[in-house]
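Geometric and topological summary
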Amino acid sequence: MVRNIVILAGSSHPAFVDKVASVLGVAPSSRVLTKFASGETRCEIRDSVRGKDVYIVQSFGTGNDGDGSTNGVDQGLESGEGQQPTGQKHTVNDYFIELCIMISACKTGSAKRVTAVLPLFPYSRQPDLPFSKVGAPLVGMPTPPAQQQQQQGKGATVQYTFESVPATPGPNIPRTVGLSTAGVDMVEMMGSLRSKGGSGRVSPAPTSAPTSAPQQQQQQQLNSYTTHDYENPALMMALQAKPGHKQFMAQSGSLVADLLTCAGADRILTCDLHESAYQGFFDIPVDNLYARPLLKRYIQQNIPNYRDAVIVSPDAGGAKRATAIADSLGLAFALIHKERRPPKISQAPKATMMLVGNVSSRVCILIDDLADTANTITRAAKLLKREGAVRVVALLTHGVLSGDAIARINASALDAVVVTDTVPQDPRRRKMCPKLEVLDVSATFAEAIRRVHHGESVSMLFQYD
Ligand SMILES: O=P(O)(O)OC[C@H]1O[C@H](OP(=O)(O)OP(=O)(O)O)[C@H](O)[C@@H]1O
């Protein structure tokens, strides 16, 4: 049992906090978290934190993703007298504000030290810069048409397209049923997707669509998905149709870091940051834990003849993460490279994929930090199977799986998707996705908290993994 420590749970992932607290041999402290009718967050810390070492655990990626789970709904956790749960759905932003308020409440309640424990760190993916027609980041004036024509002759051979099933939602591609329909029958749903010609695209839902052309264009931009803007031709064309305008994308990472520090956080504990350099945005200590030992153990224990398998990074951004596992297990490595070029001069840039490495007749293990829409891993799996892979397993730290991700995984060439529980994976979600397996990372967090509390090294935890 660890003494003089306070573990507080935000409302995003209480089950995870219970597991962490149980390993530490303490009970989570009492607090009230709910919302006022106006939607503002209400927080009350019921146990004394005076002079204590406080750990507030809040995860993200569990926002309003329509998975029908009770996670993310204001249930008036430990509701105070006269305070009724509003039943409002929490978004990632709600969780973030809640965390800041909890940190501030503990600081003003005379806590000795407050550590924000974020199993999945929010806003650590910076938005992509839009890409020009030749695949370069669009950070200046669009290239004049004559120059574009000249550059087009040098395009690489397009081998694979990026279509996914269900299609990535966009201006003219509405969300499919995904998990938003309570009690949806997966078999029925997949049948319905197949009956639409196998593309997985469904007819646009009737809407009160704007009628005039400028209105339609504005609406398209409003509806557009921003995870990967380069995949949205309408948005890309609109962005490039503004001569002389330098595109500016808000990079919110340092603001988020400042907000946490300003709220009073003395330390951050997180896991598999999308970009490890993000730690440099803080002027307080940041401990970045790794799910790597867990993933390696999974490979060793669950992939038959794993020494013949190939570790694959689905994009260049994750190559370092994947090679770390490949090197320590002595496995072969392959990389999928995305190119963003237009198929024709008159068209918007399109992402295509190239495989570097040999996967023929091999088991492929895709390694990535997270799956959000699951486009990246499902497209990678499709390419790997076409290149002769016999089995494709995706190993990810954070299974955000928002929107249609589960339907997409079910319809994909993936044979299994293994995630950790940094993001809640409730039983209903697991039932709807038979390919999903969940690894428990709570013991790693508990050990890291114990080490921080006793002033021991956290990085030593991963020295021999
Ligand atoms: O499930 P999805 O919605 O496809 O998103 C998952 C992908 O997004 C992130 O990388 P990102 O595309 O931001 O690029 P990067 O690795 O180059 O930073 C992440 O590392 C995954 O590869």
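What comes next is a walk through the structure.

The rules behind these values
- Residues numbered from 1 in each chain as written.
- Predicted model: local features only at pLDDT ≥ 70, side-chain atom pairs only at ≥ 80, totals over all residues.
- Heavy atoms only, no water.
- Helix = DSSP H or I, 4+ residues; strand = E, 2+ residues; numbered from the N terminus.
- Contact = heavy atoms within 4.5 Å.
- Areas by Shrake-Rupley, 256 points an atom, 1.4 Å probe, with all protein chains shown as cover.
- Salt bridge = Lys/Arg side-chain N within 4 Å of Asp/Glu carboxyl O.
- Buried < 20%, exposed > 50% of the residue type's maximum accessible area, 1.4 Å probe, protein only.
- Pairing = 2+ DSSP bridges.
- Right-handed = clockwise from strand over helix to strand, strands pointing away.
- Expected span 1.5 Å × (residues − 1).

Helices and strands together make up the secondary structure of the chain, namely 13 helices and 14 strands. Restricting to contacts in the chain with at least 6 residues of sequence separation, those with at least 24 account for 69%. Carbon and sulfur atoms make up 52% of the accessible area of the chain, which amounts to about 20800 Å² in all.

Moving on, we come to the pattern of salt bridges. Think of it this way: side chains of opposite charge can pair up when their charged atoms draw near. Enumeration over the complete set of coordinates arrives at 15 salt bridges. With its nearest N and O atoms 2.5 Å apart, the salt bridge here joins Lys19 to Asp421. Remark: Asp421 occurs in the loop between strand E13 (416-420) and helix H12 (427-432) and Lys19 occurs in helix H1 (residues 14-24); sequence separation between them is 402 residues. According to the relative accessible area criterion, Lys19 is partly exposed, its value standing at 31%. According to the relative accessible area criterion, Asp421 is buried, its value standing at 6%. Between Glu456 and Arg450 there is a salt bridge whose closest N-O contact spans 3.0 Å. A relative accessible area of 36% places Glu456 in the partly exposed class. Linked by salt bridges that have partners in common, Glu447, Arg450, Arg451 and Glu456 make up one network.

Moving on, we come to the pairing of strand E11 (residues 363-371). Burial analysis of E11 places nine of its nine residues in the buried class, which makes it a mostly covered element. Here three bridges tie strand E8 (residues 310-313) to E11, and the two strands are oriented parallel to one another. Within E11, the residue paired with Val310 across the bridge is Cys364. Bridge count for E11 against strand E12 (residues 391-399) is eight bridges, and the pairing is parallel. Across the sheet, the residue bridging to Ile365 is Val393, located in E12. Taking the sense of rotation as the criterion, the β-α-β connection linking E11, helix H10 (residues 375-386) and E12 turns out right-handed.

Moving on, we get to helix H13 (residues 442-453). With 12 residues, H13 extends 16 Å from end C-alpha to end C-alpha; this agrees with the ideal 16 Å at 1.5 Å per step. Counting buried residues in H13 gives nine out of 12 residues, a clear majority hidden from the surface. Count one or two residues on from H13 and you reach Gly455, which has phi positive near 70 degrees.

All quantities given are derived from atomic positions and should not be read as evidence of function.
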